[in-house]
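Notes for the structure review
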Amino acid sequence: MTRCQSRWVNVIIIALVVILRAPTLLPSLYTTDEGYYGTIANDILDGGTVYHTAVDTKPPGMYYIYAAVFRVAGRNNLFAVHLLAIFVVVATALVLRRIGARVADDWAGAWSGIGYAVFVHAFWPGDTLGANTEIFASLPLALSVLAFLQGQRKPALGLMFLSGALVGVATLIRQPSAVILGAMLACLAYGWLISRIHSFARVFAGGTGILIGFIAVIAALAWYYQWQGNLHDAYLWAWAFAIRYVEFETTFPYVLKRLVTVHLAVMLAWGLLWYFGVRQVIETLRSFRRRGAVPTEQVLLILWLVLSYLAIFIGWRFPGHYHLAVLPPLSILAGNAFSRFVAEQRRFPRSRWRWIRAGIIGAAALPAIGFLTVAFATRVKELDFLPIVQYIVKETTPNDRIFVWGSSPQLYSFSGRRMATRFVSCTHLVGAYAARPREVKDRAESVIPGSWEMFRRDWEAHPPALIVDLSTAVPDWATHPMTRYPVLRAYLPGYRVEAVINGRTIYRRL
């Protein structure tokens with residue numbers, strides 16, 4: 001690849017990401033997760049403490065990223081967050097390009113980066129366009145793999161420590177990111193036991209460096225939370241609740257439905273990438289069968305793909321955005337196979353190659369352009385909560401607190417009003433969270449013991465000026481009226497109905 005060609009590849013990657021994420025540069029909110037992050041980020045800037053004055057179930061990385069952006073660019077500046085997301089996706093694609101070039105050649109790297117830039121946007125906008133954990137965790141994960149590959153080729157314990165530390169950073173953004181530690185350690189063991197390119201001492205030192213780097217990052221945050229006094233709260237919400245989330249009951253028909261309507265749909269949308277990625281895996285396995293050993297880089301990529309894919313099945317709910325974590329290793333493997341495929345195209349008759357090339361372009365362009373069109377078409381609809389925000393801003397002062405019964409954290413973040421309780425979403429109180437069977441959601445089972453007592457203490461400390469009741473308009477909350485819960489019902493006599501906006505009932509304190 002010439003230097004000019006290399007530059008054009010970078011330009012193409014940047015252009016693809018900017019075009020396919022263009023809807024986010026307009027006023028938009030494609031996922032309520034951005035509302036969660038924004039609300040907690042604002043609480044941090046107001047002097048609050050993560051997992052104590054504002055609670056959610058994710059690790060804290062995204063809250064601090066949003067808080068940093070808001071501190072620099074202004075409160076609730078999602079435009080700045082979306083710009084940062086564009087930068088992160090571009091950077092991830094370029095790092096994947098570098099890994100692909102290191103594993104195979106320049107063209108394999110180029111196709112790896114281009115494949116990621118296209119297919120990371122080739123599904124429903126609510127799963128792909130949000131500035132979400134999968135988007136931000138992919139960059140430190142890709143950098144960790146690059147550092148690992150570099151450190152593996154020469155005795156560089158510093159690079160192994162850096163690799164583990166970057167996995168720690170990714171884990172603080174998205175918990176399942178830690179699975180790549182298993183891939184790295186298994187890869188080192190493979191180099192010692194099977195390919196015999198590493199001594200035991202080198203494998204032990206490298207593995208120790210990775211683990212120390214990982215533990216150092218997690219321990220540093222734990223020390224900070226211990227100093228803040230919220231280490232137990234962090235454990236409760238970011239770990240204990242996450243385990244209960246995974247273990248919470250579901251049903252076989254519901255799992256089957258999600259497999260077909262979400263998991264299979266993603267696989268089909270990314271069909272081209274999966275075809276070449278699986279093709280590369282098969283080729284590597286054949287090579288191992290013939291020679292008894294394959295490059296450790298290929299082993300790492302396959303293990304990374306397998307472990308990331310298995311992580312999709314955590315909780316048996318298969319959210320679309322979970323699948324994004326598979327894309328980095330899949331893109332690199334597919335890039336390797338596609339590079340060879342293009343190089344071998346001379347064996348096809350020219351007329352046949354034209355049809356093959358048209359089919360490949362169509363398989364990549366149709367899902368990307370189709371979902372881009374959907375993103376522009378649904379953008380305004382996703383902002384239908386803004387009239388309620390405008391009412392809150394008009395009828396309250398900046399020092400007033402509000403309470404949203406239901407799950408609409410964007411009402412807090414967009415209005416700039418602090419929460420009356422620590423619960424960004426009331427799903428934690430009633431168990432009506434995530435993609436789960438309706439009959440399970442309707443049971444009204446609190447997930448964290450003592451949640452209602454936390455709620456009561458917060459309400460007594462700063463009662464809200466307004467209550468926004470979503471149960472009167474949102475189907476998932478229709479079976480959870482406020483009067484169903486004794487703690488909340490006891491406060492309702494102190495409020496009167498003041499307005500109804502888009503079916504949502506608004507109460508004011510007497």
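Let us look at the structure shown here. Model, not experiment: these values are computed from the prediction.

**A few points about empty space enclosed by the protein**
In the structure shown here, the tally under the stated rule is 3 cavities of 30 Å³ or more. When its volume is computed, the largest cavity comes out at roughly 130 Å³. Along the wall of the largest cavity there are 14 residues; nearest its centre are Leu141, Arg174, Ser177, Ser308 and Ala325. Among the secondary structure elements, those contributing two or more residues to the lining of the largest cavity are helix H7 (133-153), helix H9 (179-193) and helix H14 (296-311). When its residues are assigned to classes, the lining of the largest cavity shows 9 nonpolar, 3 polar and 2 charged. Here the second largest cavity is characterised by a volume of approximately 90 Å³. Thr39, Asn42, Asp43, Asp46, Arg75, Tyr412, Ser413, Gly416, Arg417, Arg418 and Met419 together form the lining of the second largest cavity. In the lining of the second largest cavity, the residues fall into 2 nonpolar, 4 polar and 5 charged.

**A few points about the sheet that holds strand E1 (residues 401-405)**
Spatially, 5 strands are ordered E2-E1-E3-E5-E4 in an open sheet, and the strand pairing comes out mixed. The sheet is open, and its two edges are formed by strand E2 (418-419) and strand E4 (495-501), each paired on a single side. With 2 bridges joining them, E1 and E2 adopt parallel strand pairing. For Arg401, the partnering residue across the bridge sits in E2 and is Arg418.

**What to know about the pairing of strand E3 (residues 466-469)**
Here E3 shows no split at all, with Leu466 and Val468 on one side and Ile467 and Asp469 on the other all buried. Both E1 and E3 contribute to a ladder of 4 bridges, which runs parallel. Bridge pairing in E3 links Val404 to Val468. Pairing of E3 with strand E5 (residues 504-509) involves 4 bridges; the strand directions are antiparallel. Paired with Val468 across the strands is Ile506, a residue of E5.

**Remarks on the nonpolar core**
Counting 154 residues, the largest nonpolar core has Phe403 and Trp405 as its most contacted members. Looking at this core, the element that brings in the most residues is helix H4 (residues 78-103), giving 14 residues. Ignoring any residue separated from it by four or fewer positions in sequence, one finds Phe403 in contact with Tyr412, Ala420, Thr421, Cys426, Phe455, Trp459, Pro464, Leu466, Ile467, Val468 and Leu488.

**Focus on the packing of aromatic side chains**
What the rule picks out here adds up to 37 aromatic pairs. The interplanar angle of 70° and the centroid separation of 5.4 Å between the aromatic rings of Tyr309 and Phe313 together place this pair among those described as edge-to-face. Measuring from ring centre to ring centre gives 5.4 Å for Trp452 and Tyr485, while their planes differ by 20°; the resulting arrangement is stacked. Within this pair, whereas Trp452 is found in helix H21 (residues 451-461), its partner Tyr485 is found in the loop between E3 and helix H22 (486-489), the two being separated by 33 residues in sequence.

**Remarks on the packing of H14 against helix H15 (residues 327-343)**
Where H14 contacts H15, the axes come no closer than 8 Å and their chain directions differ by 135°. Accordingly, the angle class assigned to the pair H14 and H15 is oblique. In the packing of H14 onto H15, the handedness of the crossing is left-handed. Where H14 abuts H15, its residues Gln298, Leu301, Ile302, Trp304 and Leu305 lie against Pro328, Pro329, Leu330, Ile332, Leu333 and Asn336. Grouping the constituent residues of the contact of H14 with H15 by class yields 9 nonpolar, 2 polar and no charged.

**Some points on the layout of surface pockets**
Over the atoms, a rolled probe matching the size of one water molecule traces out where space is still vacant. Volume-wise, the second largest pocket comes out at about 630 Å³. Taken together, 31 residues make up the lining of the second largest pocket; nearest its centre are Trp111, Ile114, Val118, Ile360 and Ala364. Considering each element in turn, the lining of the second largest pocket owes the most residues, 9 residues, to helix H16 (residues 350-378). A per-class count over the lining of the second largest pocket returns 25 nonpolar, 5 polar and 1 charged.

**A look at helix H12 (residues 252-269)**
Structural remark: α-helix, 3.6 residues per turn; residues separated by three or four positions point the same way. Relative to the 26 Å expected for 18 residues at 1.5 Å per residue, H12 spans 25 Å between its end C-alpha atoms, a close match to the ideal helical length. Considering bend angle alone, the principal kink of H12 is centred on Leu259 and spans about 35°. Of the residues making up H12, those classed as buried are Tyr254, Val255, Arg258, Val262, His263, Val266 and Ala269. The elements touched by buried residues of H12 are helix H5 (106-119), helix H13 (271-291), H14 and H16.

**A closer look at the environment of Thr31**
Tracing the sequence through the fold places Thr31 in the loop between helix H1 (3-20) and helix H2 (33-45). The class of Thr31 is buried, set by a relative accessible area of 10%. Leave out the neighbours within four places in its chain, and Thr31 touches Gly126, Gly130 and Asn132.

**Considerations on a nonpolar patch on the surface**
On the surface, Trp192, Leu193, Ile194, Phe200, Phe204 and Phe288 cluster together to form a nonpolar patch covering roughly 580 Å² of accessible area. Sorting the residues of the nonpolar patch by element identifies H9 and helix H10 (200-228) as the ones contributing at least two each. Along the chain, Phe204 falls in helix H10. On the accessibility criterion, Phe204 (53% relative accessible area) is exposed.

Conventions used here
Residues numbered from 1 in each chain as written. Predicted model: local features only at pLDDT ≥ 70, side-chain atom pairs only at ≥ 80, totals over all residues. Heavy atoms only, no water. 1 Å grid on protein atoms, 1.4 Å probe; cavity = no way out; pocket = protein on both sides within 12 Å on 5 of 7 lines; lining within 4 Å. Points joined across faces, edges and corners; volume = space filled by probe spheres on them. Helix = DSSP H or I, 4+ residues; strand = E, 2+ residues; numbered from the N terminus. Nonpolar A, V, L, I, M, F, W, Y, C, P; charged D, E, K, R; others polar. Pairing = 2+ DSSP bridges. Buried < 20%, exposed > 50% of the residue type's maximum accessible area, 1.4 Å probe, protein only. Core = buried A, V, L, I, M, F, W, Y, C linked by side-chain atoms within 4.5 Å. Contact = heavy atoms within 4.5 Å. Phe/Tyr/Trp six-rings, centres within 6.5 Å; stacked < 30°, edge-to-face > 60°. Axes fitted to C-alpha atoms, helices over the stretch in contact; angles between N-to-C directions. Parallel < 35°, antiparallel > 145°, perpendicular 65-115°, else oblique. Left-handed = near helix turned anticlockwise from the far one by under 90°. Expected span 1.5 Å × (residues − 1). Bend = angle between axes of the 7 residues up to and from the residue. Patch = residues over 30% accessible without salt bridge, like charges linked within 9 Å, V, L, I, M, F, W, Y side chains within 5 Å. Areas by Shrake-Rupley, 256 points an atom, 1.4 Å probe, with all protein chains shown as cover. Salt bridge = Lys/Arg side-chain N within 4 Å of Asp/Glu carboxyl O.

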